[in-house]
Amino acid sequence: MALAIQKPQSFIETIVGVPPLKKLRLQATAASAATKPKVKVEKKLQVLALLDPYLPASSNVTSSSSGSGTIPLTVAVAVPSTGTGIGTGTGTAATTSTAAINGGSNGTCQTRELLEVLVKITDEIVYENVQIAELKEAAAKIHQLYQLQERDSDTSVRVKLLELLSGLGCECSTEEGIIIIIDYFIYLLRKETSQKVLAQGMMCLYRIGQHRRQLVPLAYNTQVAHLAKEQLRSGSTHTQKNAMLVIGRFATCHESERQYVWKLAFYIDSQDSGVRAQALHALLTLGERGAHLPPVLYKRAVEAMKDDYECVRKEALRLVHMLGNRHPDYVINMERQHEDIRMIDAAFSKVCEALCDLSLQIRVLAAELLGSMTHVSSEFLNQTLDKKLMSNLRRKRNAHERGARLVTSGEWSSGKRWADDAPQEHLDARTISLIASGACGALIHGLEDEFLEVRTAAVGSMCKLAMSRPEFAVTSLDFLVDMFNDEIEDVRLKAIYSLTAIARHIVLREDQLEIMLGSLEDYSVDVREGLHLMLGACRVSTQTCLLMVVQKLLDVLAKYPQDRHSTYACMRKIGQKHPHLVMAVTGHLLYVHPFFETPERDVEDPAYLCVLILVFNAAEHLVPIISLLPTATHRHYAYLRDSMPKLVPQLPIDGASSSSTTKRIDDALQAVGSSAEYLQMILNHIGEIFTKTDERVELLKTAQSNLQRLGAIDSDMYGPSNFLETFLSAQIQIEQMQRCASTQRSRVPLKESLAELIRNCLKLQHTFSGLNYGDILQVKQLRLRASALHLVLVVRDRSQSALGPCQMLMQTAGDISAFMRSRTTSTGFVEKPPEMVEEDVKLKLKQAEPDSFTRSLLSKLDAIADPKPGRVFREILPLVQHAPPLSLPPANEKIRRCMANILEPCPLQSQDNVIKVTAGLIAAVPFVAEIDNLLESQKADMRIKIKYPDQHMHTVVPKMTDFKPIMTEQGEHETNVRLRTTILLSHSVWTEASLVEIQLCLAVRPGSELELCKPAKVIFAPKPVRRGI
């Protein structure tokens, strides 16, 4: 196939008039397949040829003459079973070459030159897509040069050679290549004596295990771990630390406890702090990989928490936390207390003690770890919020406890026991209670810490513990509410979102509401919106609390009108959760007088809208509220039901809508459960239409309108139905253009029709997520048909150059061929576990296969030696003219479409609100939009398009920090984000105010942008500059 396939080209370039590349040639291989010369594989590691002058001449010839890529004879036995292979086979050559390189007075200079060459190679080498034969040759060359170095010479050369060898291993993608690299490492390191080189070798093995451990066979894991275990006896602490890294990465789980755990535990008492920390870290790594860590390690970890070095205490803290969660019910004996205690409770107390550590990092880590210790006993958990009155770290007994003790003792009162709980001058540390000194007030200490990192972590842990313990949620409520007054915005937001997460367990009191509502006037819009979300998730206890919340929300709305959307959503939630309280205050909120008729209020008033949304949503759960509403409210309901269907529910109010419309909506809502069956029925109907020849296009358009209605009725089915609708629309366009390809038609509509077809193909490819293998294959086949049809129509038109469409067709054909070859990769945009991916691949490969048109077209294009437009046109014309219709992909309910909704500036903005600015200056307009189903990879392609009345267009690229996830009661939404930024408008003088359109787009290709929403229009009036004063 032509090499031009590898050159990316846009569909839209030849349509909108972008000239193609001038020097692009459609190259090809030989004319005949029988006479094709053997393609020479391009070498990726040619930079290693700089090492050839430093190798013996005989090995150079051997290395270069090995055309098959095998290892040269001198290093063919690189890993002998006895100790004699390479040592006896290359001893003479190595001695001679070493003498030539390092002997005499030039040895130091040549070593320095070799080191400079190695540094240059390290900077320039690229390891991507290296063939196994080339990898063998390169590894053998590095291995041989390593052997030629004297053991007493500068170790930097050997260190750089090991670094090059590890680079080959880290980027190798085959098990055979990994085995070769590890064999070389094991052989070289067993004979190495320099501690510096050994330490570097261990680090190189660790990097290989970090990148390619899944390719290393089990036997080689054991060999590498044993090699690292031998290096633990080294006198160099650097070597010991790197060996522990290797053990943690390579040691198998079933051998860990028997051979490595106790060996690593021995080094917890090492004299070097780095070795102690690394030993603990290696144990943690083994535990994270699934190895069994015995519970008796707990005492060693607790002793390590008292270490003088921060790095040791941090790793010991992690190990204590892991052991407590792994063995929660293991009973340990506390010698100081002479009692037994569960390990999870003891570990919880030790983690709480770490909240008083002098190191900031350890306090942050301890605060974070507390949230995952959910199996702790209730008495220990509640103690974290209680600062008991302590007397020299001894808990004071109250009068009842002292009296009970006197009664149970059976002694007469002598007066000597008065004030027996006074502070003692000399208190033995062994008498301190574990609870009092450990968990006592630990979370309170975290919430009162001077550093915001500790406070934020403490709030997060308190939220996690409260979600699993409802009684603890009630106890911790007051402390979370107090964090609303924190001076740092991030801490306030964390407290707000934490209280939202535990809202189902709590009921707010009046004193707590006063603190919360005081934070509603915060300058930060994120804090205000977070409070709106929290108030909508919580429940209040009395009518007074409800009136406090409603009145405060209305007051803040008057101060910050831009918060109306989040305020409306908050009122909706409050009405749904408090129908009985709302019923009691409905007359007060609507100003209903028992005797006099009050004037009708303005339905456009935001405060009145908030009250109506509150009452209507409460009436959905308590229908008698409708009888309390004034007559004018019924008319307002009909208006709001049409303008705000997501905020106002369906209610049995007379005159709100016609009976037929109401019945149709009710039927649609009741049929939501059968939407998938209805969609399948539409697909079956479309399949029957494809078998017909007469009036096929009209019937397909009818099916297209049915898919549109299905998406409008059921929001959950909008993604699948819109995907099939767009696919069907492109299929209809292809059907109509096939008739143009068979007859001479007018050239005028071709350009616009092709642009629309290509836009539909781009929309299918870039705005939908959740596609499986079959869906992607169908989209690519549709794109291939569009490219072939494009080339045929352009050649028939003879008014445009066909080079661009031909190149586009070849590139599309290469793309679909590469996609079908990579069947074993992931089948969709959504990440899944490996076992689910394998099942999906097997299922989809049975169902999704390319159709006959795609196979025939690919085979014809592959057979063309010189793909010039005329030759390609003659080959594909019969196929394009008689191509059967492409079947629709099966319904996939996981498909979601990326959509946007512009909130600011409001699309329904009043005509009186005109943005006036002096001509030539800048007007800043706030822009807020909610984007649904936006993937992380699509954020960089998001654009804000500004279109002025004179057809000038500006494109704004928003900053990545302007995208923030939308918060829900369950936490951050995965794919829905809010874009909040400021756009700048500027223009020369206009005669009168005109509309400027602002729209969100997805820039998928240069010159092609896909609109995600309807444009928002603002009235902009640049005024002339005033002259004079």
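Residues numbered from 1 in each chain as written. Predicted model: local features only at pLDDT ≥ 70, side-chain atom pairs only at ≥ 80, totals over all residues. Heavy atoms only, no water.

Visitor: Explain the packing of helix α25 (residues 510-518) against helix α27 (residues 543-559) to me, please; I cannot follow it from the model alone.
Guide: Each packed pair of helices is defined by two parameters, the angle between the axes and the distance between the axes. Across the interface, α25 lies against α27 with an axial gap of 10 Å and an inter-helix angle of 5°. The orientation of α25 relative to α27 falls into the category roughly parallel. Of the residues in α27, those touching α25 at Glu510, Leu513, Glu514 and Leu517 are Thr544, Cys545, Met548, Val549 and Lys552. Residue classes in the contact of α25 with α27 are distributed as five nonpolar, one polar and three charged. (Axes fitted to C-alpha atoms, helices over the stretch in contact; angles between N-to-C directions. Helix = DSSP H or I, 4+ residues; strand = E, 2+ residues; numbered from the N terminus. Parallel < 35°, antiparallel > 145°, perpendicular 65-115°, else oblique. Contact = heavy atoms within 4.5 Å. Nonpolar A, V, L, I, M, F, W, Y, C, P; charged D, E, K, R; others polar.)

Visitor: What exactly am I supposed to notice about empty space enclosed by the protein here?
Guide: In this approach the atoms are scanned with a rolling probe the size of a water molecule, which exposes any empty space left behind. Applying the stated criterion to the full structure yields three cavities of 30 Å³ or more. Computed from the structure, the second largest cavity encloses a volume of approximately 50 Å³. Considering the residues around the second largest cavity, the lining is formed by Leu508, Leu535, Cys538, Val540, Leu546, Val549, Ile574 and His578. The residue makeup of the lining of the second largest cavity, split by class, is seven nonpolar, one polar and no charged. (1 Å grid on protein atoms, 1.4 Å probe; cavity = no way out; pocket = protein on both sides within 12 Å on 5 of 7 lines; lining within 4 Å. Points joined across faces, edges and corners; volume = space filled by probe spheres on them.)

Visitor: So what exactly am I meant to see when it comes to the pattern of salt bridges here?
Guide: Where charged atoms of side chains with opposite charge meet at close range, the side chains can pair. Counted by the stated rule, this structure contains 33 salt bridges. A salt bridge links Arg158 to Glu192, with the shortest nitrogen-to-oxygen separation between them at 2.6 Å. Of this pair, Arg158 sits in helix α7 (residues 155-171) while Glu192 sits in the loop between α8 (175-191) and α9 (195-212), placing them 34 residues apart in sequence. Neither residue differs from the other here; Arg158 and Glu192 are each classed as buried. As a salt-bridge pair, Arg300 and Asp269 come within 2.9 Å of each other at their nearest N and O atoms. Of this pair, Arg300 sits in helix α14 (residues 297-304) while Asp269 sits in the loop between α12 (253-266) and α13 (273-288), and the two are 31 residues apart along the sequence. Relative accessible area serves as the criterion here: at 27%, Arg300 is assigned to the partly exposed category. In this structure Asp269 comes out as exposed when scored by relative accessible area, which is 59%. By sharing partners, the salt bridges in this structure join Glu529, Glu930, Arg978 and Arg980 into a single network. (Salt bridge = Lys/Arg side-chain N within 4 Å of Asp/Glu carboxyl O. Buried < 20%, exposed > 50% of the residue type's maximum accessible area, 1.4 Å probe, protein only.)

Visitor: Can you walk me through the pairing of strand β10 (residues 942-947) in this structure?
Guide: Looking along a regular strand, one sees side chains alternate from face to face of the sheet. Most of β10 is tucked away: five of the six residues are buried. Taking the residues that link successive antiparallel strands as the turn, the β10-strand β11 (residues 953-956) hairpin has five residues, and the phi of Gln951 there is positive, at about 70°. (Pairing = 2+ DSSP bridges.)

Visitor: I keep staring at the packing of aromatic side chains and nothing clicks. Help me out?
Guide: Two measures describe an aromatic ring pair: the distance that separates the ring centres and the angle between the ring planes. Under the criterion given, the structure shown has six aromatic pairs. Considering the side-chain rings of Trp990 and Phe1020, the 5.6 Å spacing of their centres and the 90° angle between planes classify their relative orientation as edge-to-face. With Trp990 in the loop between β13 (971-985) and β14 (994-1005) and Phe1020 in strand β16 (residues 1016-1023), this pair connects stretches of sequence that are 30 residues apart. What makes Trp990 buried here is its relative accessible area of 15%. Counting every residue linked through ring pairs, the aromatic cluster contains Phe723, Phe727 and Phe768. (Phe/Tyr/Trp six-rings, centres within 6.5 Å; stacked < 30°, edge-to-face > 60°.)

Visitor: Help me understand the sheet that holds β13, please; the structure alone is not making it clear to me.
Guide: Backbone-to-backbone hydrogen bonds join strands into a sheet, with any given pair of strands oriented parallel or antiparallel. The strand order across the open sheet formed by four strands is β7-β9-β13-β12, and the pairing between neighbours is antiparallel. The sheet is open, and its two borders are formed by β7 (899-904) and β12 (963-968), each paired with just one other strand. Strand-to-strand twist of the sheet, defined as the mean angle between neighbouring strand axes without regard to direction, takes the value 35°. Pairing between strand β9 (residues 923-932) and β13: nine bridges, direction antiparallel. If you follow Ala929 over to β13, its bridge partner there is Leu979.

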